[in-house]
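# Understanding the architecture of this molecule
Listed here are the chains, written in short residue letters.
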Amino acid sequence: ICNRTIKPLLVWRSTTSMLCAVTFALWIAVREVIGDALHPIKFETEEQFFNAKTHERVSTESEMLQKIDEIRGRRGFLFWNKKNSNVEAALKFVSEYRRKSHGTIDHSVRNGSLITRPNILFMLADDLGYGDLSVPPFHCRDGHPCGYINPYQSSAFPCTEGGILSPQLERMAKNGAIMTNFHASAPVCSPSRASIMTGLYPWRLTAMNAFELGRDMSQRNGFLAQVPTTAETLRELGGYYTAHSGKWHLGGMREELRRDRALRDQCTRPSPNQHGFEEYISELDGPESPRYTFLNRNSELHSKGHRHLIKDDIPMPIKEKPNGEENVLSDREAEDAIQFMKTAKEKYPGQPWFIQVWFNAPHGPWEVLRSGEQLYDVKYNKTAADWANFVCHNEKEKLHSNSRWRYKTMVSAMDRSIGLLLDALKQLDLESNTLVVFTSDNGHEMGSGQAAIYKEGKRSLMEGGVRVPAIWQWPGHIPANSYTTYWGAHTDLLPTFLDVANIPHPLTPIPGSTISSRSISSIRFDGISLLSVLLQATPITSPADVYSHHSSSVKTIPGEKEIKMRYFSQSQHADNMENDLSADSATTTNSTIIPMSHSKVMLEIKEALGTNASLNAALSGRVFLWHKDTDPYSRDERMQCIKLRLLRTSFS
């Protein structure tokens, strides 16, 4: 390239070669200077990370709070950078919608609300399988065709799947309801979280893969667009205090983006603050961050991740527990959320709060956490030394090197952290007026957990990748020790939270508004409220009740049409899907998340494609269908649109 560009301008090749060499040397020098941006440094150890001084550090709590106050003093109340025209336009749209439909809320008088609204505590596990709890039916049970050895009766235990203990979630289930037929909106992290935050299908937000990972800059720059979120809507329309603790993974958390916001008030990518959270505690993200470099490489994310936290764009001082006590990340995430509860109660007495705790557990890297392993000491009459010296059945692998055992201890440690949150609600006298929800962002990582009777796991749109546990607790409202088999998904969380908070849904155009119909449609929810279903959950009278979701009946939510198809994709599963669709049968272990009672619609699509196009090709194109009363188009119009798209469009 150098020769082709410089040679025509020069007479002598030797001169050309010399200039090429100089140009190359200059390019190397430039790369050294700007290498942090082009090829981020991936530190081998925490010591290298700290010594490099490329990341800001804070040594004391008072220093951190001072920096946060400086930011708020410059910006005002969580404002975006007004120099960004796109952000300014988004804010104008959202504020006009609120003003036209619901009026405004004066945040300086937060105690003026006359409506009693419950608190909402939303807990999300990361990569937890459908069969990875001790709460029925979220485990492999006797007599089921799990394809796994019964963990409680096999000499292979504890080196195999199953047998995970989660007594705190058992306690929560006894005080509330379980949903046996609940699904993630996507089989991977960022898309499902985007759906949770917005009530929309991930593809509407162009969230089709994990953000801030990989060499592809389109992935590294991925982020949740500025649309009304759960926190923002509850805060602005319901006067809620909002806070986030734990993993984010919705973009904006790379170090250079944090610096832009904290030091320059430049918000090119939003953090949880800009999505409606008044306070947040999380960690850096991206391929150069501690979590994806030395913490991941050394399998220390869950034991040392607490040393790399950020509060409202400012690094937090490192806090260790006394006497070398284990400092588990999930405990810290719970403790930070408890502090948020105390802040809300003291600073805004009588006002509701929305706090979400998005645990990093049990996402890899997997490591043995003693706080979780202790549960198994009692059950199996073992000691820490017993487990450390235990050799698996193949006599080649120590138990502590076994990924499934590490995963078990991490789930149980997270369960203990959930117990801290449930205990805090009692101690702060908040339990009776707080809706508590627990679920997972997607299915288990293969090689760690399990999906009970279902096939596959994370990254797959088979049931094992998207069917997740769901437990709801709201004393005095949701019946204790109950269950429901109704079909639900992540998209239904925001509409349900708004119902619980008695906040109208933004579903219809506003008369007299200048907002275009296209803008209005962008804030319609793809989900529906599950509140009426939960309030009528069925009491559990026998253990067999909660396994009834394997029956051939497909129930619908009263007053709403069943959401007949959410999504389906991934060519590697298309053959299984086609086999399922050929027989209009009940959900089986080979099924996808599409209820089989809707196979006729799929067959219409297949017929429309004709003999020259395969169903396999169509499915690999990520087709999304939705059927609800709120859709503005008739079924025939939808089908025609789908047929045209399948025939003409190559989806990405």
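Reference entry: report on the structure contained in this document.

So, how was this worked out
- Residues numbered from 1 in each chain as written.
- Predicted model: local features only at pLDDT ≥ 70, side-chain atom pairs only at ≥ 80, totals over all residues.
- Heavy atoms only, no water.
- Helix = DSSP H or I, 4+ residues; strand = E, 2+ residues; numbered from the N terminus.
- Buried < 20%, exposed > 50% of the residue type's maximum accessible area, 1.4 Å probe, protein only.
- Areas by Shrake-Rupley, 256 points an atom, 1.4 Å probe, with all protein chains shown as cover.
- Pairing = 2+ DSSP bridges.
- Contact = heavy atoms within 4.5 Å.
- Axes fitted to C-alpha atoms, helices over the stretch in contact; angles between N-to-C directions.
- Patch = residues over 30% accessible without salt bridge, like charges linked within 9 Å, V, L, I, M, F, W, Y side chains within 5 Å.
- Salt bridge = Lys/Arg side-chain N within 4 Å of Asp/Glu carboxyl O.
- Core = buried A, V, L, I, M, F, W, Y, C linked by side-chain atoms within 4.5 Å.
- Phe/Tyr/Trp six-rings, centres within 6.5 Å; stacked < 30°, edge-to-face > 60°.
- Lys NZ or Arg CZ within 6 Å of the ring centre and 35° of its normal.
- Parallel < 35°, antiparallel > 145°, perpendicular 65-115°, else oblique.
- Nonpolar A, V, L, I, M, F, W, Y, C, P; charged D, E, K, R; others polar.
- Arc of directions from axis to C-beta.

### Section: the overall build of the protein chain
Broken down by element type, the protein chain carries 24 helices and 13 strands. Residues classed as buried in the protein chain amount to 55% of the 652 residues present. Only carbon and sulfur atoms are counted for the fraction: they give 52% of the accessible area of the protein chain, which is about 27,900 Å².

### Some points on the pairing of strand 4 (residues 241–246)
Summarising burial for strand 4: six of the six residues are buried, a large majority. Of the pairings in the sheet, the one linking strand 4 to strand 8 (residues 353–358) comprises six bridges and is parallel in character. Across the sheet, Ser-245 pairs through a bridge with Val-357, a residue of strand 8. Inspection of the sheet shows strand 4 paired to strand 5 (residues 279–283) by three bridges, in the parallel sense. From the neighbouring strand, Ala-243 faces strand 5, where its bridge partner is Glu-279.

### What to know about the sheet that holds strand 7 (residues 314–315)
One key point about sheets: their strands pair by backbone hydrogen bonds, in either a parallel or an antiparallel sense. Spatial ordering of the open sheet is given by 7-6-5-4-8-1-9-10-2-11-13, a layout of eleven strands whose pairing is mixed. The open sheet has two edge strands, strand 7 and strand 13 (538–539), and neither has a second partner. Across the sheet, helix 13 (residues 329–347) lies against strand 1 (119–125), strand 4, strand 5, strand 6 (309–311) and strand 8, angled at about 170° from strand 4, the strand it touches most.

### Observations concerning a nonpolar patch on the surface
Taken together, the side chains of Met-18, Val-22 and Leu-26 present a nonpolar region at the surface, about 300 Å² in accessible area. Tracing the sequence through the fold places Leu-26 in helix 2 (residues 13–38). The class of Leu-26 is exposed, set by a relative accessible area of 53%.

### Section: the pattern of salt bridges
In this structure the tally under the stated criterion is 32 salt bridges. The shortest N-O distance in the salt bridge between Arg-370 and Glu-373 comes to 2.8 Å. Of this pair, Arg-370 and Glu-373 both sit in helix 14 (residues 370–380), three residues apart, which is roughly one turn of the helix. Classification of Glu-373 by relative accessible area gives buried; the value is 1%. Between Asp-377 and Arg-370 there is a salt bridge, with the nearest N and O atoms lying 2.3 Å from each other. We classify Asp-377 as buried; its relative accessible area is 14%.

### Here we look at helix 9 (residues 230–238)
Helix 9 sits mainly inside the fold: nine of its nine residues count as buried. Within two residues after helix 9, Gly-239 carries a phi angle of roughly 70°, on the positive side.

### A word on the nonpolar core
Residues Leu-121, Met-123, Leu-421 and Phe-438 are the most contacted members of the largest nonpolar core, which totals 74 residues. The element best represented in this core is helix 16 (residues 403–427), accounting for eleven residues. Excluding residues that lie within four positions of it along the chain, Leu-121 makes contacts with Met-341, Trp-353, Ile-355, Val-357, Leu-421, Leu-425, Thr-434, Leu-435, Val-436 and Val-437. With 48 residues, the next largest nonpolar core counts Leu-237, Leu-435, Phe-497 and Leu-498 among its residues.

### A short note on the side chain of Thr-233
Tracing the backbone through its elements, the reader meets Thr-233 in helix 9. A residue is classified by how much of its surface remains accessible, and Thr-233, at 7% relative accessible area, is buried. When residues no more than four places from it in sequence are discounted, the contact partners of Thr-233 are Pro-228, Gly-238, Leu-498 and Ile-503.

### Notes on the packing of aromatic side chains
Aromatic rings in a pair are described by how distant their centres are and how their planes are angled relative to each other. Under the criterion given, the structure shown has 16 aromatic pairs. For the pair Tyr-241 and Tyr-348, a centre-to-centre distance of 5.9 Å together with 40° between the ring planes defines the contact as tilted. Residue Tyr-241 is found in strand 4, and its partner Tyr-348 is found in the loop between helix 13 and strand 8; the two are separated by 107 residues along the sequence. Per residue, the accessibility class of Tyr-241 equals that of Tyr-348, and both read buried. For the pair Phe-354 and Phe-497, a centre-to-centre distance of 5.9 Å together with 55° between the ring planes defines the contact as tilted. Taken together, the residues span a long stretch of sequence, with Phe-354 in strand 8 and Phe-497 in helix 18 (residues 493–500) at a distance of 143 residues. For Phe-497, a relative accessible area of 1% translates into the label buried. The residue whose ring lies beneath Lys-379 is Tyr-380, and the NZ or CZ to ring-centre distance is 5.9 Å.

### What to know about the packing of helix 6 (residues 167–174) against helix 16
The relative placement of two packed helices is expressed as an angle between their axes plus a distance between the axes. At their nearest, the axes of helix 6 and helix 16 sit 7 Å apart, and the two run at 45° to each other. On the basis of their axis angle, the class for helix 6 and helix 16 is oblique. Of the residues in helix 16, those touching helix 6 at Pro-167, Gln-168, Leu-169, Arg-171 and Met-172 are Asp-415, Arg-416, Ile-418, Gly-419, Leu-422, Asp-423 and Lys-426. When its residues are assigned to classes, the contact of helix 6 with helix 16 shows five nonpolar, two polar and five charged.

### Quick notes on the environment of Met-123
In this structure, Met-123 sits in strand 1. For Met-123, a relative accessible area of 0% puts it in the buried group. Through-space distance from the C-alpha of Met-123 to that of Gln-356 is 5.8 Å; in sequence the pair is 233 residues apart. Not counting residues within four places of it along the chain, the set of residues in contact with Met-123 comprises Met-172, Val-357, Phe-359, Ile-418, Leu-421, Val-436, Val-437, Phe-438 and Thr-439.

### What about helix 6?
Turning to helix 6, its buried residues number three or more, namely Leu-169, Met-172 and Ala-173. One face of helix 6 carries all of its buried residues, which in axial projection span an arc of 100°. Summarising the contacts, the buried residues of helix 6 are in contact with strand 1, strand 2 (177–179), helix 16, strand 9 (434–440) and strand 10 (470–473).

### Focus on the packing of helix 14 against helix 16
Running from amino to carboxyl end, helix 14 crosses helix 16 at an angle of 95°, the nearest separation of the two axes being 7 Å. Judged on the interaxial angle alone, helix 16 and helix 14 are roughly perpendicular. Contacts from Ser-371, Gly-372, Glu-373, Leu-375 and Tyr-376 in helix 14 reach Trp-405, Lys-408, Thr-409, Ser-412, Ala-413 and Arg-416 in helix 16. For the contact of helix 14 with helix 16, a count of residues per class yields four nonpolar, four polar and three charged.

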